[in-house]
Structures are given as structure tokens and as C-alpha cells.
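Results of the structural survey
In case you want the letters, here they are:
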Amino acid sequence: MLLTDTDSSISRVQLRARVRDALARRFGIDTRALAAFRIVLGLVLLFDVFHRSRDLVTFYTDDGVLPRALLVNQYPAARYSLHTLSGEPWAQAVLFACAAIAAVALLVGYRTRTATVLSLLLLVSVQARNPHLLNGGDKLLSQLVLLAVFLPLGTRWALDALGDPDASGADSEDAEPRTRSGTDPRIVTPATAAMLGSVVVVFVSNALLKAEGDTWHSGEALHYALRQDQLTVLLGTHLVDYPLFLTLGTYIWAGLVTGAPLLIVLTGRLRTAYATAFIATVVGMALSMAVGLFPAVLIGGLLLFLPPRVWDALESVAGVAVDRVGVLERGATAFRARTSTLSRPQTLGSSLSEPTRRRTQRYWSIHLGCLLLVVALWSVGLLGVANAFEPIEEIDPEEHEWTMFAPDPPASYGWYVVEAGVVDEENRDVLQGSTLRDAPPPDAAETLPSFRWRKYMDSLSGDDDRADRFAAHMCERARTQTDAFVENVTLTYTEQPIRLEGEAETPTTKTVVERSCPAEVADHDRNAEFGPAPNHRN
């Protein structure tokens, strides 16, 4: 039987519809998933600001370990960071406050795109102010915030969506197309494909590195990883007593990252099961190891893979819970009454004529296509070589170089101590603010204020200028802890080999930095624009 031209046209239309549906199911993102991602992103950025602010003077001012002069001398591009405009603590505090405000705006979905752009600008700026503090979690966070700029994050569960009759539409500050249909809450653009693809590439690149090692395929990787005492917390301190569980967990995690492309290939219930397994495993990581921002950032990225049926169920459960609590129900009713007359924030795009809006949408799609290509090339090139997947790192005391838990976890762990030699008194542990003890610490994770200190201390080996300035700052810090004369400071690293069986080996201690403290620390000109860095070497 011959097909007529009409039949052929119908077949082509049906084929295109099936292809579009197949792509949408794999590269589309539910608007509620975008909202959940936005909330996680806002919380992570807010936590990052407060976590960094604890060491604001030490790491981000001219009075700290890395003055602007020294920073710009080693990283000329850092002069374009907003955080290098001033070396005063008050200026950094203002920028930190601005970052916190932008994070809160992103969290609640107010002027979402603007808040995302400002958050990205301030995040990149603070990371450039002291690049020696960064780990894989920071790199992944900046990558996801960059991609988030191109996503309509304010369409659901956001102040931007108040008064919008179609909550699944585009962001109030977007010129992007709306969802594919009135019943499908997924948004499909090159940006959604770039976001999902970048998360998968992170896993794939790490799986390739793991394939080069031995312990991940022999089932021993977590046996070593969870004995990294400087990183192990909460559940991790107990799981080491269950070797069978560690072996099983090693194979499960290696299998998940190796099969990461299935996050895109699978759809429906299978994708839900795979993404849920990933999320559960990452939650376990967060409860077992102090690895910075990485688990939270990764959970936010994995939420984007959950299909509409998951969010339908969650909204249904939330609705039932609210209905059963009269106070919440009355509060929700009052809130809806108050906000029903509100409209979403007006933006420049909302005042444009229809032809101009169509041209803007066309140019926007071209930009997003270019973004997808750039992200794909960047991910394959950069992550394939430098691998931004895991922030879990360990120092090699022989070469003082950082390696990752891929291809294999380190076979040792260790801790740093900053010792101050005090005249007529016992030597002091500067970071702990107490008398130096001879015995190993009961918990290596408590020897440093945060993981960023560990990162910075590792960078001191082989860099005399930064080692000089670090020693000078530690001298100043030690002087605030005692009335006696501080003669010198010494930064040491103690390595403890890991033995899965048999008696533990004796740890070895090596000196990383050793400097004398001058009678009076030289004051550098903090008002000069990137003047010469102070030198405090012997």
C-alpha cells in the first residue's frame, strides 16, 4: 500500500514529536526540581559565606596570611577580584554581607536571575582572593552557579512566582520559552541539557580516574578512605568496625559513578531509583567525612534528575501534612489571600513589544546553544585532566603534593601543628591556643579550625614568600596568647601510615615551615595599592 503525501507528513510529525518527547524526558528539568536546586544552592552559598567569615582577617585581608601584594604578584589576574579593592577587614565584611544578601534572595526566589548573577560574581571574586583555599567542592559550586544563571529558577516556590497564573512559566527575568505543554512541568532548553550533562561528566571523569587504581576494584578503597582521621566524622568513626559494609560500599560507589550516564539514559521509575541511590550515597558521604561543600552541592545537582512524578508525590504529601495541621492551613490561607493580589516583579523584558520579545528569545536560544558547547568542551577537557570531582585530598609528606581519592585513596593520613617557641614558658600550639602536647591528638580533624586551613598549609611547601608571611601571621597570633617573648614558629606535618591489618606503624613528623619571630613584626603599608609584600624570613 502506497503512502500518500499526507500520510508521510503525519509520520514525520509523529516522529519529530517522539524525538522531542524522548529528548525532553532525558534533558528536561521539572520546574519544582529547579526550585529545589535553587533552595539548595542558596543554602550552600549562605553557609559558604558564614564559614569563610570565621577566618575573614586571616585569609582575606592584608593583615592575614596572603596580603594583596603577594597575591597579585603570584596571580596577576586576581587584581580584578572585587575582594582585592581593599585589604581592610571592614571592606571584606561588606562584600561578605552582600554575598549573604544575594544568597538569601536566591534562596527565597526574589529577583532570581539577578540574585544568581550577583552570587556568581561574588563567589568567583572571593575564590580568586585566596585560590589556595579551594577544593573540588568550590570548583563544582562555581560551575553550577554559572549554569544556573541560564536556568529559570524562579518559576516555582519563589517570590518571583507570586501572582503568576502559570507557575510553570519562565522566570520573570527570562526571555526563555515556557514548558512544553500545560500538563508537563518540565523545561527543556540547551541550558537544562548543559546542566545535566555537566553533572554526569563530573562523575564519568572520576570513574575514569578510579579505573586507573587498584583499591576501588579490589573493594579496599573505603577501608582506607574512612581511616583518614583528619576527615572522618560522625558515622565514619563507627563504620570502620564493619569491614564487610566498607567493601560493599566501595563496590556500590564505584558502580554508581561508572554508570553515571544512566542518569540521562534512563527515564521514569528507573531514573528515580538511580538518582535516589546516588543521593542516598552522597548523604552517607556527608555523614561520614568532612569534605567541605561537595556533598551538598552534589545533592543539589542530583535533584535535577528527579522526574515529575517524584515532585507530584512530594507536593501531595506536603499538601496532606498542611491540611492536617490547622494552624499551618490557616496560615497558608492567609498568606495566599495576602499574596493573591501581588504580581511578579516587573523587568525590562516584560515591557518589550512582542516582535522584540521573539527576537530576544531567538538570540537567547543561540546563546544557550553556545553555552552548551562551551560547557561540554570545558567539562571534557578540564575535568578529564584536572578532575574537579572529589575535594577529599591528602598530602604526600615526601613531595607535599595533593592527590585525590582517585585513582586510589592515600595509604596514610596526617595532621598539622603550628608550634610557637616561647621564652621561659612551655611551647604553645598556636591554632589550639594551648600548651603543646607531645602525644598524637585524639582526633586529627580537631587540630585545624577548618578544611580550608589544611588546604592553605599544604600550599606553603616550596613557596618561601607565602611561608614567610604565614609564619609572620602566626607570630602575631602567638603573641596574643602569651605575655612572654615568642621566639619562633614551626609548622610540622605528622604522617600516620594506615594498616588495615596488624599493629599500627610509628608516625613520622616533618618540618614544613620554620621561621624566627622578629622582635616586632614589620608593619606593611596596607593602604598602598599592591605595594611590595612584607618579607619575614630568617
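Residues numbered from 1 in each chain as written. Predicted model: local features only at pLDDT ≥ 70, side-chain atom pairs only at ≥ 80, totals over all residues. Heavy atoms only, no water.

**A short note on the state of the cysteines**
One pass over the structure, following the stated rule, counts one disulfide. Each sulfur of the disulfide joining Cys-475 and Cys-517 lies 1.9 Å from the other. Every disulfide takes its handedness from the sign of the S-S torsion; for Cys-475 and Cys-517 that torsion is -80°, giving left-handed. Placement of the pair is Cys-475 in helix H20 (residues 464-479) and Cys-517 in the segment after strand S9 (508-516), with a sequence separation of 42 residues. Each of the two residues, Cys-475 as well as Cys-517, counts as buried. (Disulfide = S-S within 2.5 Å. Helix = DSSP H or I, 4+ residues; strand = E, 2+ residues; numbered from the N terminus. Buried < 20%, exposed > 50% of the residue type's maximum accessible area, 1.4 Å probe, protein only.)

**Notes on the confidence of the model for the chain**
Per-residue confidence for the chain averages 80 on the pLDDT scale, and 75% of its residues sit at or above 70. When pLDDT is averaged over each element of the chain, helix H5 (residues 89-108) comes out on top at 97 and strand S3 (residues 393-395) at the bottom at 36. Low confidence marks residues 167-178, where pLDDT is under 50. Its contacts with residues over four positions away, or in another chain, come to 47 contacts. Every residue in residues 532-538 is under pLDDT 50, and counting partners more than four places away or in other chains gives 22 contacts. (pLDDT = per-residue confidence, 0-100. Contact = heavy atoms within 4.5 Å.)

**Digging into the sheet that holds S9**
Strand order in the open sheet formed by five strands is S7-S6-S5-S8-S9, with antiparallel pairing between adjacent strands. Looking at the sheet topology across the chains shown, the edges are occupied by strand S7 (434-435) and S9. Examined bridge by bridge, strand S5 (residues 412-422) and strand S8 (residues 486-497) share 11 bridges and lie antiparallel to one another. Across the sheet, the residue bridging to Gly-414 is Glu-495, located in S8. (Pairing = 2+ DSSP bridges.)

**Let's talk about the pattern of salt bridges**
When the charged atoms of two side chains with opposite charge come close together, those side chains can pair. Taken as a whole, this structure holds 14 salt bridges when the rule is applied. With a shortest N-O distance of 3.1 Å, Glu-315 and Arg-32 are connected by a salt bridge. Taken together, the positions of Glu-315 in helix H16 (residues 308-324) and Arg-32 in helix H2 (residues 31-53) put the pair 283 residues apart, joining distant regions of the chain. Judged by its relative accessible area of 28%, Glu-315 is partly exposed. With relative accessibility at 3%, the residue Arg-32 sits in the buried group. Connected via shared salt-bridge partners are Asp-30, Arg-32, Arg-156, Asp-312 and Glu-315. (Salt bridge = Lys/Arg side-chain N within 4 Å of Asp/Glu carboxyl O.)

**Focus: the packing of helix H14 (residues 268-288) against helix H15 (residues 294-303)**
At a minimum axis distance of 9 Å, the contact between H14 and H15 shows a crossing angle of 170°. Classified by the angle their axes make, H14 and H15 are roughly antiparallel. Contact residues: Ala-275, Phe-278, Ile-279, Val-282, Val-283, Met-285 and Ala-286 in H14; Phe-294, Pro-295, Leu-298, Ile-299, Leu-302 and Leu-303 in H15. Within the contact of H14 with H15, the residues separate by chemical class into 13 nonpolar, no polar and no charged. (Axes fitted to C-alpha atoms, helices over the stretch in contact; angles between N-to-C directions. Parallel < 35°, antiparallel > 145°, perpendicular 65-115°, else oblique. Nonpolar A, V, L, I, M, F, W, Y, C, P; charged D, E, K, R; others polar.)

**Side note on unusual backbone geometry**
A positive phi angle is found at Trp-157, which is not glycine, with a value near 50°. Summarising the element assignment, Trp-157 is placed in the loop between helix H7 (136-148) and strand S2 (186-187). Under the relative-accessibility criterion, Trp-157 is labelled partly exposed at 39%. For Leu-234, which is not glycine, the phi dihedral falls at a positive 45°. As for its placement among the helices and strands, Leu-234 is situated in the loop between helix H10 (221-225) and helix H11 (236-239). The exposed category is assigned to Leu-234, whose relative accessible area is 58%.

**Things to note about the packing of aromatic side chains**
In total, this model carries 12 aromatic pairs according to the counting rule given. Geometrically, the ring pair formed by Trp-157 and Trp-311 is edge-to-face, given 6.1 Å between the ring centres and 65° between the ring planes. Note that Trp-157 is positioned in the loop between H7 and S2 and Trp-311 in helix H16, a separation of 154 residues in sequence. In textbook terms, an aromatic cluster arises when at least three aromatic residues are bridged by ring pairs, as seen for Phe-59, Tyr-60, Phe-96, Trp-453, Tyr-456 and Phe-470. Between the NZ or CZ atom of Lys-210 and the centre of the ring of Trp-216, over which it lies, the distance is 4.4 Å. (Phe/Tyr/Trp six-rings, centres within 6.5 Å; stacked < 30°, edge-to-face > 60°. Lys NZ or Arg CZ within 6 Å of the ring centre and 35° of its normal.)

**Quick notes on the pairing of S5**
Judged by how many residues are buried, S5 sits mostly within the fold: 10 of 11 residues are covered. Counting the residues in the hairpin turn of S5 and strand S6 (residues 428-429) gives five residues, including Asp-424, whose phi is positive at 65°.

**A look at the side chain of Gln-496**
Its location among the elements puts Gln-496 in strand S8. Taking relative accessible area as the criterion, Gln-496 reaches 10% and is therefore assigned buried. In terms of polar contacts, Gln-496 uses its side chain to reach the backbone carbonyl oxygen of Glu-505, at 2.7 Å. When near neighbours in sequence (up to four residues on either side) are disregarded, Gln-496 contacts Ser-412, Tyr-413, Trp-415, Ala-504, Glu-505 and Pro-507. (Polar contact = N/O pair within 3.5 Å; in protein donor to acceptor, adjacent residues only side chain to side chain.)

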